[in-house]
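Fold and geometry: a report
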Amino acid sequence: MPAVSFWLAMLAALTVLRLLVAGLSPLSPDEAYYWTWSHALAPGYLDHPPMTALWIRLGTLLCGDTRLGVRLLSPLTAGLGTLLLASACNDLRGAARLTSLGWDAPLTASVLLNATLLLGVGAVTITPDTPLLFFWTACLAALGRLLATGRGLWWLAVGVCLGLALDSKYTAVLPGAGLAIWLLASRDARHWLRTPWPWAAALAALALFAPVIWWNAAHGWASFIKQGGRTGNWHPAEAAGYLGELLGGQAGLATPLIFILFVVGMARLARHPIKAPAGETLLVWVTLPAVLVFVQHAFGARVQANWPGLLYPACAIAASMRPILAGWTLAHWTKPAAGLGFVLTALVYLQSVAAPFPLPRKLDITLTRLAGWQTLATQLVSRAAPAGDFVIADDYGVAAELAFALPHQAVLAAAPRWRLFSMPHPDSSSATPGGESGLLLRSERRKGGPDPSLFSGTHLLGTIERRRGDELAERYHLYAVTIRSSLPAELRDEIVRLPTPTR
């Protein structure tokens, strides 16, 4: 067991490193936006279910409205999820009667997953993919226990984990559908349908997801329509480009060698999707529906690189269960694949914290997304007093970044999406920012000027820049504006006052 002890020590050290990076690197606009959710908790939001907001709320209760507080659960659950992945691999390969590998397979699966950029970056940031990946890995661990012990009670854990995954991101329905197909297709699993356990698991998952359904019903099915509307595009002539982007994105997020191991491992298991042992067929069927959906989507629109990330835990297990590729043993492949992944992740960590590499602006996401927000906010504060008492932005990410960076300044946001939030509006006495004139910050990339239906007396004051040292991240137009009086209710509800951070 010395290898296991060393692996646990390395996992602990990696978790500490991730906590440090999470506390030092700036928040992205999306992370700041999710932070505003945590101050307006609800069973659902326009973009996603509520789990991200709940995780941020818990982290900020422990560490305040800080970068580490917002991201606290990401590195911690990445570490715990790694243990769950090892357990799942140990049980599932046991169910597949691949007992000759000892602990090599679980440790290898864990190393490969942690070496991907998807988990490496996801462990120091907070997005809906973070809880999704954790709860789906926990679901695989519960399924592994089910197959290893034969105890039907583990189905309840499967249902709870699947429900919590659905509360994280809607794409959890895809492996959930695959799980249902597996029950029908696998000769070793079909007998469970004659027991109450999988039905109880489905009820548990539905009960946990029911508040999200209720929220959607109460808000015109806004979130379901927004996310479900992505599936209707069909432009086969553009499929080659989108499919190429899909493959390239996965080779990038998984890192190239690990991507090869993932694909080959899963392809080998897929050769026998019905007659193979239950552990193998399970991994195939929980993966296949998502693969088909993402490929279908690529025939009409771009598949964001992070979307297939929920497949990575199953792929890591599959890669570890087939130890020979091109005459090389698993150990031969694991070392260069994981080494490359960890080196790339370390470079991303270093660039996000210290930015030592002079990358072109278009290639440096740490510049365009993370850098310069605090300096930009400081510039705004110095100009806010003469123009009014609040600052406002009509881009949700920019508004959220300003709110997080300005604990002593009223920050407003204006956009139709804010109608769905339980946040104070300018007509309530608690939200009136001491007057109705202030500064509007608007990205130079956005066409047109301020919305005349919301603002009157707009006056362009000039431009302001977000920078990291001498590097330009983005340029903004700065306007003096007045919020129109007696706005109709539907327009008034588009303007909200964002939360004030507590540090």
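Placed above this text is the structure.
What follows deals with the overall build of the protein. Looking only at helices and strands, the protein has 21 helices and eight strands in total. In terms of C-alpha radius of gyration, the protein reaches 24 Å, essentially the compact-globule figure of 23 Å for 503 residues. The buried share of the protein, reckoned over its 503 residues, is 52%. Contacts spanning at least 24 positions in sequence make up 76% of the contacts within the protein whose residues lie at least 6 apart. As displayed, the protein has an accessible area near 21000 Å², and 66% of this comes from carbon and sulfur atoms. Seen as two clouds, the 38 positive and the 28 negative side-chain charges of the protein have centres 9 Å apart.

Counting across every chain of the model gives 19 salt bridges. For Asp-47, the salt bridge goes to Arg-417, with nearest N and O atoms at 3.0 Å. Of this pair, Asp-47 sits in the loop between α2 (29-38) and α3 (51-63) while Arg-417 sits in the loop between β4 (410-414) and β5 (437-443), placing them 370 residues apart in sequence. Comparing Asp-47 with Arg-417, the two get one shared label, buried. Of the charged contacts in the structure, one is a salt bridge between Arg-475 and Glu-444, with a shortest N-O distance of 3.6 Å. Pair noted here: Arg-475 is in strand β7 (residues 471-483) and Glu-444 is in the loop between β5 and β6 (455-468), with a separation of 31 residues, a long-range link. Since its relative accessible area comes to 27%, Arg-475 is described here as partly exposed.

For helix α13 (residues 239-254), with 16 residues, the first-to-last C-alpha span of 22 Å sits near the 22 Å given by 1.5 Å per residue. Of the positions making up α13, those classed as buried are Ala-239, Tyr-242, Leu-246, Gly-249, Gln-250 and Ala-254. Buried positions in α13, seen along its axis, are confined to an arc of 110° and lie on one side of it. Across from the buried face of α13, at angles greater than 90 degrees, the exposed residues are Ala-240 and Leu-247. Here the buried face of α13 lies against α14 (256-269), α15 (278-297) and α16 (312-321).

Right, let's get into the side chain of Asp-167. Assignment of secondary structure puts Asp-167 in the loop between α9 (154-166) and α10 (173-185). There is no salt bridge for the buried Asp-167, and the closest opposite charge comes from Lys-169, which lies 15 Å off by N-O distance. Those residues in contact with Asp-167, other than ones at most four positions away along the chain, are Pro-49, Pro-50, Met-51, Leu-208, Phe-209 and Val-212.

The strand order across the open sheet formed by six strands is β6-β7-β5-β3-β4-β8, and the pairing between neighbours is mixed. At either end of the open sheet lies a strand with only one pairing partner, and these are β6 and β8 (495-497). Taken pair by pair, the neighbouring strands of this sheet meet at an average axis angle of 25°, ignoring direction. As paired elements, β6 and β7 share eleven bridges and run antiparallel to each other. Each residue of the ladder has a partner; that of Thr-463, found in β7, is His-477. The sheet contacts of helix α20 (residues 396-405) involve β3 (390-393), β4, β5 and β7, and relative to β4 the element is tilted by about 170°.

Let us look at the packing of aromatic side chains. Applying the stated criterion to the full structure yields 19 aromatic pairs. Ring centres of Phe-262 and Tyr-312 lie 5.5 Å apart, and the angle between their planes is 70°; on these two criteria the pair is classed as edge-to-face. Taken together, the residues Phe-262 in helix α14 and Tyr-312 in helix α16 connect sequence positions 50 residues apart. Given a relative accessible area of 4%, Tyr-312 falls into the buried group. With 4.9 Å between their ring centres and 45° between their planes, Trp-418 and Phe-421 make a pair best called tilted. Here the two residues Trp-418 and Phe-421 agree in accessibility, since each one is buried. Here a set of aromatic residues connected by ring pairs shows up, and it is made of Tyr-33, Tyr-34, Trp-37, Tyr-45, Tyr-396, Trp-418 and Phe-421. Directly above the aromatic system of Tyr-396 lies the positively charged group of Arg-417, at a separation of 4.1 Å from the ring centroid. The ring of Trp-373 carries the charged tip of Arg-466 above its face, separated from the ring centre by 4.0 Å.

A contiguous nonpolar patch, built from Val-343, Leu-347, Leu-350, Phe-357, Leu-359 and Leu-363 and spanning about 530 Å² of accessible area, is present on the exposed surface. Structurally, Phe-357 is set in the loop between α17 (330-353) and α18 (365-370). With relative accessibility at 32%, the residue Phe-357 sits in the partly exposed group.

To continue, consider the environment of Tyr-34. The residue Tyr-34 is located in helix α2 in this model. Overall, the relative accessible area of 8% leaves Tyr-34 in the buried class. Separated by 19 residues in sequence, Tyr-34 and Ala-53 place their C-alpha atoms 6.1 Å apart. If we ignore the near neighbours within four places in the chain, the residues touching Tyr-34 are His-48, Thr-52, Ile-56, Ile-126, Thr-127 and Pro-128.

It is worth spelling out the pairing of β7 at this point. With seven bridges connecting them, β5 and β7 associate as antiparallel partners. By the bridge assignment, Leu-439 is partnered in β7 with Ala-480.

Moving on to the side chain of Ser-168. By the secondary structure assignment, Ser-168 is in the loop between α9 and α10. Exposure remark for Ser-168: the relative accessible area of 0% places this residue in the buried category. At a separation of 2.9 Å, a polar atom in the side chain of Ser-168 contacts the main-chain carbonyl oxygen of Leu-164.

We note that Thr-255 has phi near 75°; this positive angle belongs to a residue other than glycine. Position of Thr-255 relative to the elements: it lies in the loop between α13 and α14. Assessed through its relative accessible area of 0%, Thr-255 is described here as buried. Even without being glycine, Ala-355 reaches a positive phi, approximately 50°. If you trace the backbone, Ala-355 turns up in the loop between α17 and α18.

Definitions and limits used
Position labels on residues start from 1 in each chain and follow its written sequence. Whole-chain, interface and lining totals are the exception, using all residues; otherwise, since this is a predicted model, local features are given only for residues with pLDDT of at least 70 and side-chain atom pairs are given and counted only at 80 or more. Water and hydrogen atoms were dropped before computing side-chain values, which therefore reflect all heavy atoms in the structure. Only DSSP runs of H or I reaching four residues or more are called helices, and only runs of E reaching two or more are called strands; each is numbered from the N terminus. Taken over C-alpha atoms, the radius of gyration is set against a globule rule of 2.2 Å times the number of residues to the power 0.38. The cut-offs for exposure are 20% and 50% of the maximum accessible area for each residue type, with area from a 1.4 Å probe on protein chains only; residues under the lower value are buried, those over the upper are exposed, and the others partly exposed. In what follows, a contact means two residues having at least one pair of non-hydrogen atoms within 4.5 Å. Each accessible area is a Shrake-Rupley estimate made with a 1.4 Å probe; only the visible protein chains count as cover when residues are assessed. His is not counted here, nor are the chain ends, while Lys and Arg score as positive and Asp and Glu score as negative. Charged groups are reduced to one reference atom each: NZ for lysine, CZ for arginine, CG for aspartic acid, CD for glutamic acid. Between Lys or Arg on one side and Asp or Glu on the other, a salt bridge is scored when a side-chain nitrogen of the former is within 4 Å of a carboxyl oxygen of the latter. Every helix has an expected span of 1.5 Å times one less than the residues it contains. To be clear, the arc concerns the directions from the helix axis to the C-beta atoms. In short, DSSP must find at least two bridges between two strands for them to pair. Axis definition: a line fitted to C-alpha atoms, limited for helices to the stretch in contact. Angles are taken between N-to-C directions and run from 0 to 180 degrees. Between the rings of Phe, Tyr and Trp (Trp by its six-membered ring), a pair exists once the centres lie within 6.5 Å; its type follows the angle of the planes, with under 30 degrees stacked, over 60 edge-to-face, and the other angles tilted. Counting as a charge over the ring demands two things of the Lys NZ or Arg CZ atom: a distance within 6 Å of the ring centre and an angle within 35 degrees of the ring normal. Each patch groups residues whose relative accessible area exceeds 30% and which form no salt bridge, using 9 Å between like charges and 5 Å between nonpolar side chains of Val, Leu, Ile, Met, Phe, Trp and Tyr. Polar contacts, as used here, are pairs of N or O atoms within 3.5 Å; protein pairs need one atom able to donate a hydrogen and one able to accept it. Residues neighboring in sequence count only if both atoms are side-chain atoms.

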